[in-house]
Amino acid sequence: TTATPDTEADTEADWEGDVSSKISSYKSSGNASFSSGDYESAADSYTSCIKIIKQIDKEEDPQYASIYANRSAAYLAQKKWVKESWDAQCSARCDPKFWKSHWRHGVSLMAMAPRIERSQNAVEAFERCLGVCPEEKKGEVGEALERAKVRLKEGKDRTPMPPQCQQS
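A brief structural summary. Source: prediction; values computed, not measured.

Turning our attention to the overall build of the protein. Check the secondary structure of the protein and you find seven helices and zero strands. Written out in order from the N terminus, the α and β elements of the protein read α-α-α-α-α-α-α. Looking at the protein as a whole, 39% of its 168 residues qualify as buried. Within the protein, contacts between residues at least 6 apart in sequence are counted, and of these 54% link residues at least 24 apart.

As a further point, take the packing of aromatic side chains. All told, the structure shown has two aromatic pairs when counted by the stated rule. Taking 5.0 Å as the distance between ring centres and 65° as the angle between the ring planes, the aromatic pair formed by F34 and Y39 counts as edge-to-face. Its relative accessible area of 29% is what places F34 among the partly exposed residues. Both rings, one in W103 and one in F126, keep their centres 5.5 Å apart while their planes meet at 55°; by these two values the pair is tilted. Note that W103 is positioned in helix α5 (residues 99-111) and F126 in helix α6 (residues 116-132), a separation of 23 residues in sequence. Classification of W103 by relative accessible area gives buried; the value is 17%.

Okay, the environment of V19 next. Among the secondary structure elements, V19 is positioned in helix α1 (residues 19-35). Owing to a relative accessible area of 17%, V19 belongs among the buried residues under this scheme. Each C-alpha atom, one on V19 and one on I53, is 8.6 Å from the other, the two residues being 34 residues apart in sequence. Among residues more than four places away in sequence, those in contact with V19 are I52 and I56.

With their axes 11 Å apart at the nearest point, α1 and helix α3 (residues 65-77) run at an angle of 25° to one another. Accordingly, the angle class assigned to the pair α1 and α3 is roughly parallel. Relative to α3, α1 is oriented so that their crossing is left-handed. Contacts from I23, K27, N31 and F34 in α1 reach S66, I67, N70, A73 and A74 in α3.

What counts and how
- Residues numbered from 1 in each chain as written.
- Predicted model: local features only at pLDDT ≥ 70, side-chain atom pairs only at ≥ 80, totals over all residues.
- Heavy atoms only, no water.
- Helix = DSSP H or I, 4+ residues; strand = E, 2+ residues; numbered from the N terminus.
- Buried < 20%, exposed > 50% of the residue type's maximum accessible area, 1.4 Å probe, protein only.
- Contact = heavy atoms within 4.5 Å.
- Phe/Tyr/Trp six-rings, centres within 6.5 Å; stacked < 30°, edge-to-face > 60°.
- Axes fitted to C-alpha atoms, helices over the stretch in contact; angles between N-to-C directions.
- Parallel < 35°, antiparallel > 145°, perpendicular 65-115°, else oblique.
- Left-handed = near helix turned anticlockwise from the far one by under 90°.

Laid out in structure tokens, this is it:
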């Protein structure tokens, strides 16, 4: 169900008035849903925020990085890797110094079915994260970066040629 912070009559088209208050209200609703473990409702609330942001044509404003990152976290909790990855990238476009964006992008790529380009992109995401994350997170990010590098180097994401296609 979509969380609506105002009334049931409130719709995405009816967001006139104080846009910042609407966004804040939906974000608070999403945060409450996330905290209670209702990740689907949290994602719905963050989606309502993003719809408003897109209507005011400010979707790449740094102040909105956390909304995309929050929806990314809700998708991460639901193991919706592609949606999570997309939102992490949107968050990074809003604010390239928001470390959680790069972290979540790398995590989602490593959770997806292995592919060379995903491993390479995960390495790049973790490298960007390492450059902007707080000091207390550098160890964890460094470990994730090393795992991504190993996966890429060892070619664990290469799909073997089916036996019927191999030459003898």
